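Okay, here's what each chain looks like letter by letter:
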Amino acid sequence: MPTVSMTVNGKTVSADVEPRTLLVQYLREHLGLTGTHVGCDTSQCGACVVHMNGESLKSCTILAAQAEGADVTTIEGLANGDELHPMQEAFRENHGLQCGFCTPGMVMSALDLVQKNPDPSEREVREWLEGNLCRCTGYHNIVKSILAGAEALRG
Amino acid sequence: MSDTGIGASVKRVEDLRFLTGNGNYTDDINRPGQSHAWLLRSPHAHAKINAIDTSKAEAAEGVLAVLTGADMAADGVGGLPCGWQIHSKDGEPMAEPAHPPLAVDKVRHVGDQVAIVIAETRDAARDAAELIEVDYTVLDAVTDMDTALAGKTLVHDDVPNNRCFDWEIGDKDAVDEAFAKADKVVSIDLSNNRLIPNAMEPRAAISDFDRTTGRYTLYTTTQNPHVIRLLMGAFVLQIPEHKLRVVAPDVGGGFGSKIFHYAEEAILTWAAAKVNRPIKWTAERTESFMTDAHGRDHETHAELALDGDGKFLGLRVATKANLGAYLSTFGSSVPTYLYATLLAGVYTTPAIYAEVQTVFTNTVPVDAYRGAGRPECTYLLERLVTKAARETGLDPAEIRKRNMIQPDQYPYQTPVALQYDCGDVPASFESALKAADYDGFEKRRADAEKNGKLRGIGISTYVEACGIAPSAVAGALGARAGLYESAQVRVHPTGSVTVYTGTHSHGQGHETTFAQLVSESFGIPADQVEVSHGDTDQVQFGMGTYGSRSLAVGGPAILKACNKVIDKAKKIAAHIMEADVSDIEFADGKFTVAGTDKEMAFGEVSLAAYVPHNYPIEEIEPGLDENAFYDPLNFSFPGGAHICEVEVDPDTGDVEVVNFTAVDDVGRVVNPMIVEGQVHGGLAQGVGQAVLEGCVYDDDGQLLTGSYMDYTMPRADDLPSFSVATQSVMGASNPLEVKGVGEVGAIGSPPAVINAILDALAPLGVEDISMPATSHKVWQAIQASSVRQAAE
């Protein structure tokens, strides 16, 4: 089995994995980072969104081996100790989550949006979320959370 | 009063773990020595199994066992039971064909389980499953109900015409009389589209067996762990409760689809003892599409009799409901007691008669999905009433007002069994009309027309029934379970509290809302209260969460236990403060002696209960830990009004929902933030049903909508921001005065959307459209209408 190494949430990690192992499996099953979720098998739902080299990416769409040497951030890497990241805080403040299953992907995706577009309109937020499914919230409070999180991050 | 009590938008305690990736969903759990399962599923909708050769799979690397239905039968494993018995018109009980967890002689839908492979890794199990050779004789499949009822192809050989039952409710003669004297009869034929629930977390399970104690543990994605323990233990595997622990940890959404006892739960639990290893199984999304119970799927013809003033005289309904290939746990109750008993809706229609035939087909079983029967009922009524408005020339708002139950008519006895306890739909309707600026709509229509868009407005008013109970009534109607709820309120020595609830939270925020109830009751901050649910080893027997019952039935159980705590604490306080118990008052977290300045804080009394040095030990026991079970007096009846505005692009048929206003009566609101969130989610599912979602089978029974590339889930850019408000009459059937909010959004919204689309298309002569009103379907309707109009 090939050894795959990368940096995840600032730490260098390494694991021997089958060649067919997806990045999301590497994170969940080999590193125990279960905050990144698998909600589908066709790369539609976005529950598995992480950042790789600064860009959001569905971690079910690439093999772990393709992330060799990459810098990966997962939902577990956002908060600073007990202090939530402003985007996490915005979701909490605006009831942007219910069952919590889509939430890590939503937050990671939202962060990529605001780094590309720091002051998005409601329409731009809704269009950006094309690749993230939520069945609980009707997106109403997710959109509200992302707009509030963007505002907080603009300072 | 604590500022974290009833009525406060307390931020959710659940959120911290979910936002930081520390949720604990079933697939996140791993047991020492765990093996992995893959289920081989039928590729055919209907086939005879002649033989299954597992030898190659068994020999594959890493495989521990390959087991089939024959192995289960040899062990005497029972079939999956149905929890509600319906009787047909003629008094005969419904047909209950066998439902083996692993198929034995036949497969009956695509996705039916044929064998389980257990291996060291999931990939090894999956690879080995491809080596199993199943010799099938493919049979004709039947997917539509009319063909099924013709009976040429039988899903179950022992169920003639594939009819499970033929049920009726109401007074047929009274309805015939009403129609005989009617000035106008309006009729409608419609279907309620089959939906696939799609909780974002796929179903998963981990089973474990401890040989030294003979105890089984099952972690599973369920909404009701005790119900699974009871059904699986008593009916399928014959494991007594004390030897079976069922844990539902964090569950990523349910919407009904995780109520039911699924085959995989029983197969895994049974197999864990055979391989003597924990076994994990997690569904792929494709499996979820093929095996999670689907929702809705009705075909209905209905007729409404009216007098010359537009007053409703009678309603006649004939519905066919698709049950799928097997009776799911509550599949029989959904199209009967959860559907036709609501056919009065919010109206004073004096005579109602409904008949419901249920049909087996070679499709996934159908059961409760958010709303369960009430969305089907509301869709029928609100389409029919809107059609009646059009045919009588009355405004859709006006015809509703003429027929609405007035506030002074409660309690209101309907002609279809239910008695509504309280409500004021005219008030929420007026508020909704105002909030939606109904009177100003024609200007918006004209403005849209200038932009080349067809704008329409649609109304839906509804009442629904939550918290199915009392148990005795449910039992008389065929429920094979009680429908009470339980709570244990354990006050710890220093005054903090753990609440054990028999309900289960999978997004609803019970850990927050239920803590607010205790905060209110004891006058302590909500962060002094922990809510525990989901583990049958920790929590007393409870019925779980569905039918918007948790606050309406589980809430009063908590309140009852809190009151028992307070009663006992008053006796302790009276003893210590040397007063008569009748003089002890409790408010704001303090016990006081009336007319004196003596007081004890809640935490002081709890400490005395656990350190009973100065204590009335001959009168009461130490400790402060109380149980309660609560069985409601009646259903609760949320209701309200939903108004939708759409704009249709006549060139493409594209429908945009531009405004959605909901005013709902949910009784007392404990946490307004959570209540609004529940309504938002329900509305999205309702709009999804109306314009996007629809399960499609081909004639061979192949599921064509088996992935997110084929089944349209509502996305953020399909939906508007919603305007939601509550306007409540306090509930009359439980001491918390709550009614339930989980399903109202999904119940009220679909007809509002379709009525709006038909209003937009009316100038083009389009009179009917079915759900989902996709842009393709709307475009076709526009084309057909223009061709027809040109011909005329």
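Summarised in this report is the structure supplied together with it. For clarity, every value in this text was computed on a predicted model and none was experimentally measured.

**A word on the interface of chain A and chain B**
Facing the 45 residues of chain A at the interface are 51 residues of chain B. Buried area between chain A and chain B, summed over both chains or domains, comes out near 4300 Å², and the portion from carbon and sulfur atoms is 54%. Counting every contact that joins chain A to chain B gives 7 salt bridges. Linking Glu 693 of chain B and Arg 135 of chain A is a salt bridge whose minimum nitrogen-to-oxygen distance equals 2.8 Å. Our count for the chain A to chain B interface comes out at 28 residue pairs in polar contact (both at pLDDT 80 or more). Among the secondary structure elements, those contributing two or more residues to the side of chain A that touches chain B are helix 2 (86–93), helix 3 (103–116), helix 4 (122–128) and helix 5 (140–154) of chain A. When grouped by side-chain class, the residues that make up the side of chain A that touches chain B number 17 nonpolar, 15 polar and 13 charged.

**Observations concerning the pattern of salt bridges**
Residue and element names in this part refer to chain B. Under the criterion given, the structure shown has 61 salt bridges over all chains. Among the ionic pairs, Glu 287 bridges to Arg 41, the shortest N-O distance being 2.8 Å. Placement of the pair is Glu 287 in helix 9 (residues 285–291) and Arg 41 in strand 1 (residues 35–41), with a sequence separation of 246 residues. Of the two residues, Glu 287 and Arg 41, neither departs from the other in class, the shared state being buried. Between Arg 455 and Glu 647 there is a salt bridge whose closest N-O contact spans 2.7 Å. Pair noted here: Arg 455 is in strand 18 (residues 454–463) and Glu 647 is in strand 26 (residues 639–648), with a separation of 192 residues, a long-range link. In this structure Arg 455 comes out as buried when scored by relative accessible area, which is 10%. Taking relative accessible area as the criterion, Glu 647 reaches 15% and is therefore assigned buried. Overlapping salt bridges bring together Arg 41, Arg 203, Glu 264, Glu 287 and Asp 292 as one network.

**Details of helix 20 (residues 775–791) of chain B**
All names here are of chain B. The terminal C-alpha atoms of helix 20 lie 24 Å apart, and with 17 residues this matches the ideal 24 Å at 1.5 Å per residue to within 8%. All buried positions along helix 20 are accounted for by Val 778, Ala 781, Ile 782 and Ser 785. One face of helix 20 carries all of its buried residues, which in axial projection span an arc of 100 degrees. Exposed and facing more than 90 degrees away from the buried side of helix 20 are His 776, Val 787, Ala 790 and Ala 791.

**Side note on the nonpolar core**
Residue and element names in this part refer to chain B. Core analysis: the biggest nonpolar cluster contains 182 residues, and Tyr 420, Phe 660 and Ile 757 have the highest contact counts within it. Ranked by residues supplied to this core, first place goes to helix 19 (residues 744–761) with 10 residues. Apart from the residues within four sequence positions on either side, Tyr 420 is in contact with Leu 342, Ala 344, Gly 345, Ile 405, Tyr 410, Pro 411, Tyr 412, Thr 414, Val 463 and Phe 637. Ile 524, Ala 552, Ala 609 and Leu 736 belong to the second largest nonpolar core, which has 44 residues in total.

**Comments concerning the packing of helix 2 of chain A against helix 5 of chain A**
All names here are of chain A. Close contact between helix 2 and helix 5 brings their axes to 8 Å; oriented N to C, the two are set at 140 degrees. With respect to helix 5, the element helix 2 is oriented oblique. By crossing handedness, the relation of helix 2 to helix 5 is classed as right-handed. Across the interface between the two elements, Pro 86, Met 87, Ala 90 and Phe 91 of helix 2 pack against Ile 142, Ser 145, Ile 146, Ala 148, Gly 149, Ala 150, Ala 152 and Leu 153 of helix 5. Within the contact of helix 2 with helix 5, the residues separate by chemical class into 10 nonpolar, 2 polar and no charged.

**A closer look at the environment of Ser 43 of chain A**
All names here are of chain A. Counting through the fold element by element, Ser 43 comes out in the loop between helix 1 (23–30) and strand 3 (49–52). Given the relative accessible area of 24%, Ser 43 is considered partly exposed. It is 6.4 Å that separates the C-alpha atoms of Ser 43 and Thr 61, two residues lying 18 residues apart in sequence. Those residues in contact with Ser 43 that lie beyond four places of it in its chain are Lys 58, Cys 60 and Thr 61.

**Side note on the side chain of Glu 284 of chain B**
All names here are of chain B. Positionally, Glu 284 belongs in the loop between strand 12 (279–282) and helix 9. With relative accessibility at 18%, the residue Glu 284 sits in the buried group. Only 3.1 Å separates the side chain of Glu 284 from the side chain of Arg 126, close enough to count as a polar contact.

**A look at unusual backbone geometry**
All names here are of chain B. Cis geometry is adopted by the peptide bond preceding Pro 411, which originates at Tyr 410 and carries an omega value of -5 degrees. Here Pro 411 lies in the loop between helix 11 (396–403) and strand 16 (412–413). In this chain, Met 771 is followed by Pro 772 through a cis amide linkage whose omega measures -10 degrees. Here Pro 772 lies in the loop between helix 19 and helix 20. Positive phi is not limited to glycine here, since Asp 297 has a value of about 70 degrees. Tracing the chain through its elements places Asp 297 in the loop between helix 9 and strand 13 (298–306).

**Here's the deal with the sheet that holds strand 2 (residues 47–53) of chain B**
Residues and elements named next belong to chain B. The strand order across the open sheet formed by 3 strands is 4-2-6, and the pairing between neighbours is antiparallel. Among the strands making up the open sheet, the edge pair consists of strand 4 (106–107) and strand 6 (133–138). Where strand 2 and strand 4 come together, 2 bridges link them in antiparallel fashion. Bridging from a neighbouring strand, Lys 48 pairs with Lys 106 of strand 4.

**A closer look at the pairing of strand 2 of chain B**
As paired elements, strand 2 of chain B and strand 6 of chain B share 6 bridges and run antiparallel to each other. Of the residues in strand 6 of chain B, the one forming a bridge with Asp 53 of chain B is Glu 133 of chain B.

**Some words on helix 10 (residues 374–392) of chain B**
In this model, helix 10 of chain B (19 residues) spans 26 Å end to end at C-alpha, consistent with the 27 Å of a helix rising 1.5 Å per residue. Burial analysis of helix 10 of chain B places 15 of its 19 residues in the buried class, which makes it a mostly covered element.

Procedures and definitions
- Residues numbered from 1 in each chain as written.
- Chains lettered and ligands numbered in written order.
- Predicted model: local features only at pLDDT ≥ 70, side-chain atom pairs only at ≥ 80, totals over all residues.
- Heavy atoms only, no water.
- Contact = heavy atoms within 4.5 Å.
- Buried area = accessible area lost by both parts, 1.4 Å probe.
- Salt bridge = Lys/Arg side-chain N within 4 Å of Asp/Glu carboxyl O.
- Polar contact = N/O pair within 3.5 Å; in protein donor to acceptor, adjacent residues only side chain to side chain.
- Helix = DSSP H or I, 4+ residues; strand = E, 2+ residues; numbered from the N terminus.
- Nonpolar A, V, L, I, M, F, W, Y, C, P; charged D, E, K, R; others polar.
- Buried < 20%, exposed > 50% of the residue type's maximum accessible area, 1.4 Å probe, protein only.
- Expected span 1.5 Å × (residues − 1).
- Arc of directions from axis to C-beta.
- Core = buried A, V, L, I, M, F, W, Y, C linked by side-chain atoms within 4.5 Å.
- Axes fitted to C-alpha atoms, helices over the stretch in contact; angles between N-to-C directions.
- Parallel < 35°, antiparallel > 145°, perpendicular 65-115°, else oblique.
- Left-handed = near helix turned anticlockwise from the far one by under 90°.
- Pairing = 2+ DSSP bridges.

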